[in-house]
Protein chains: 2
Amino acid sequence: MDLVIGTDLGPGDPLPAEPELMRALGVSRNSVREALKGLQALGIVDIRHGYGTYVGTAALRSMAPGLLFHSRLAVRRSNPQALRDIVEMRALMESGLIRRAAVELGPEDIARLHTELDALEADGDSGRAGHDRRFHELLYEPLGNALALQLIALFWDVYRTTEADMAKPRTDHAQVVRQHRQVLAALESHDPDAAAARIAEHFADVTARIDLWAGRSGTGQG
Amino acid sequence: MDLVIGTDLGPGDPLPAEPELMRALGVSRNSVREALKGLQALGIVDIRHGYGTYVGTAALRSMAPGLLFHSRLAVRRSNPQALRDIVEMRALMESGLIRRAAVELGPEDIARLHTELDALEADGDSGRAGHDRRFHELLYEPLGNALALQLIALFWDVYRTTEADMAKPRTDHAQVVRQHRQVLAALESHDPDAAAARIAEHFADVTARIDLWAGRSGTGQG
DNA sequence: CGCGGTAGGACGTCCTACGTCCTGTGTCCT
DNA sequence: AGGACACAGGACGTAGGACGTCCTACCGCG
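Residues numbered from 1 in each chain as written. Chains lettered and ligands numbered in written order. Predicted model: local features only at pLDDT ≥ 70, side-chain atom pairs only at ≥ 80, totals over all residues. Heavy atoms only, no water.

### Structural notes on the protein's contact with DNA strand D
Residues in contact with DNA strand D amount to 19 residues; listed here are only the nearest, A:Ser28, A:Ser31, B:Arg29, B:Arg33 and B:Thr53. A share of 62% is what sugar and phosphate atoms reach among the atoms of DNA strand D within 4 Å of the protein. Here A:Arg29 contributes a side-chain N or O atom positioned 3.4 Å from a base nitrogen of DNA strand D. One of the side-chain N or O atoms of A:Ser31 is found 2.8 Å from a phosphate oxygen in DNA strand D. Among the elements of the structure, helix 3 (29-41) of chain A together with helix 3 (29-41), strand 1 (45-48) and strand 2 (52-55) of chain B are those that each provide at least two residues to the surface near DNA strand D. Among the residues forming the surface near DNA strand D, the class breakdown is four nonpolar, 10 polar and five charged. (Near = heavy atom within 4 Å. Polar contact = N/O pair within 3.5 Å; in protein donor to acceptor, adjacent residues only side chain to side chain. Helix = DSSP H or I, 4+ residues; strand = E, 2+ residues; numbered from the N terminus. Nonpolar A, V, L, I, M, F, W, Y, C, P; charged D, E, K, R; others polar.)

### Examining the domain arrangement of chain A
The assigned domain composition of chain A is domain 1 (2-55) and domain 2 (62-217). When each unit is reduced to the centre of its C-alpha atoms, the spacing between domain 1 of chain A and domain 2 of chain A is 36 Å. (Domains from an automatic or database assignment.)

### Here we look at the pairing of strand 2 of chain B
Residue and element names in this part refer to chain B. Relative to strand 2, strand 1 is paired through four bridges, and the arrangement is antiparallel. Bridge assignment links Ile47 to a residue of strand 2, and that residue is Thr53. With antiparallel pairing between neighbouring strands as the criterion, strand 1 and strand 2 make up a hairpin whose turn holds three residues, including Gly50 at a positive phi of roughly 75°. (Pairing = 2+ DSSP bridges.)

### With respect to the nonpolar core
If you look at the biggest cluster of nonpolar residues, it comprises 102 residues, and the most contacted ones within it are A:Leu151, A:Leu187, B:Leu151 and B:Leu187. Ignoring any residue separated from it by four or fewer positions in sequence, one finds A:Leu151 in contact with A:Leu60, A:Met63, A:Met93, B:Met89, B:Leu151 and B:Phe155. If you look at the next biggest cluster of nonpolar residues, it comprises 30 residues, including A:Leu36, B:Ile44, B:Val55 and B:Leu73. (Core = buried A, V, L, I, M, F, W, Y, C linked by side-chain atoms within 4.5 Å. Buried < 20%, exposed > 50% of the residue type's maximum accessible area, 1.4 Å probe, protein only. Contact = heavy atoms within 4.5 Å.)

### Thoughts on the relation of the copies chain A and chain B
Its rotation angle being 180°, the transformation that places chain A on chain B also includes 0.0 Å of axial translation and leaves an RMSD of 0.1 Å. Read as a symmetry element, the transformation amounts to a two-fold axis. If distances are taken from each C-alpha of chain A to the rotation axis, the shortest is found for A:Gly38, at 2.3 Å. Interface overlap between copies: 100% of the residues of chain A at the interface are likewise at the interface in chain B, consistent with a symmetric, same-surface contact. (Least-squares fit on C-alpha atoms with pLDDT ≥ 70 in both.)

Pasting the structure below:
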């Protein structure tokens, strides 16, 4: 890490090859590779077979496996708290950001959201995940906070994957579409409070679904 | 990861030794070690020299290096946006959580916060970081959201370390103490709105300090 | 001019050997 | 008998070499 920062390399730039790192750092190739493997896991470098090693660009996608692992472990032990925590963080972040979105989003942003929402409604339950995720992305993309985008995407992925591990009550597709439309309506009227309230409702439903699962499958406390 | 989840291991439990993993997975020790090194970076396993390998407990501390790396890289290139993003996320999370804290914290929690704040004031600028961090931890520890605690601690660490990289305007110690006391007062009167407002003020100051740095040292946009 | 084969670089995997750290056991000294 | 030290064993850490796979670039051939 210090080497990259010290040599003025930027995201996407190629790192020295393994043999050169061996000489530069005075260690064997095994150690170099293990270090790179660790950095790769953290998203600091991007290793491409037969091509080279490059400075990474996305910091947070890399922690999805770690978070996912612990969540799955918790769910596997019938402890719903990890899922509740994730949903609470999503609710906190989105409730705050949606206020900015209500103020800052322009007509073309709104139009894109309408398009995505129509696609979500049309696709039915099959292709649902993709459009739902994309909708939440489009909500906050114009705000210019790359970290927020990555965090929300991260938690979305972790939640969705973990959810798949548990035999959960089916989601009401029509209800999801309706809630999203209400959020969009609040955005169009540039009403931060209403938008935040709608988002809060959405997440309250999600939490309720987790409680339902916890009640019939787990201990309720782990 | 699948092996751990599949064999009903929990956090803290020991993993099979490297030779056994070689046999179980049918790969060489190098590959086993590189895989473990990646999992270690993600906080999924905890490797202890001469002792053994264990299932990890803290999921998020592991992504500090990655986030830290990208933030330092951004600051080094005079791009303050990464820092602004981090502070905005802290503000979003803490503003939301502080409302729950205002309602749920008991007298003994408040007492602990007073103690920590006194220590912060007494220590002056030298030991400041530790007490400031601990204060924010104590605020949200009773809420039972382990993920939130880890995220806040993570962002706190990343922000503090990155801040150290830039020649920044000094923080007004007395002002920090005063702001924290105001937050605590709002908590004692169980007033969520006031607490959230005080926290928002605190973070507004932090953001202002970043803008000051950006204005005199960077491009303002990278 | 276009296509396919070939050479080189870079990462992926494997094997072997030795070093370091920790623990448990056994012996020796007190 | 009790405690300190030495030793052996297990587990992770590091090193060096060899070969395989993937990708790119170059060159000859049609």
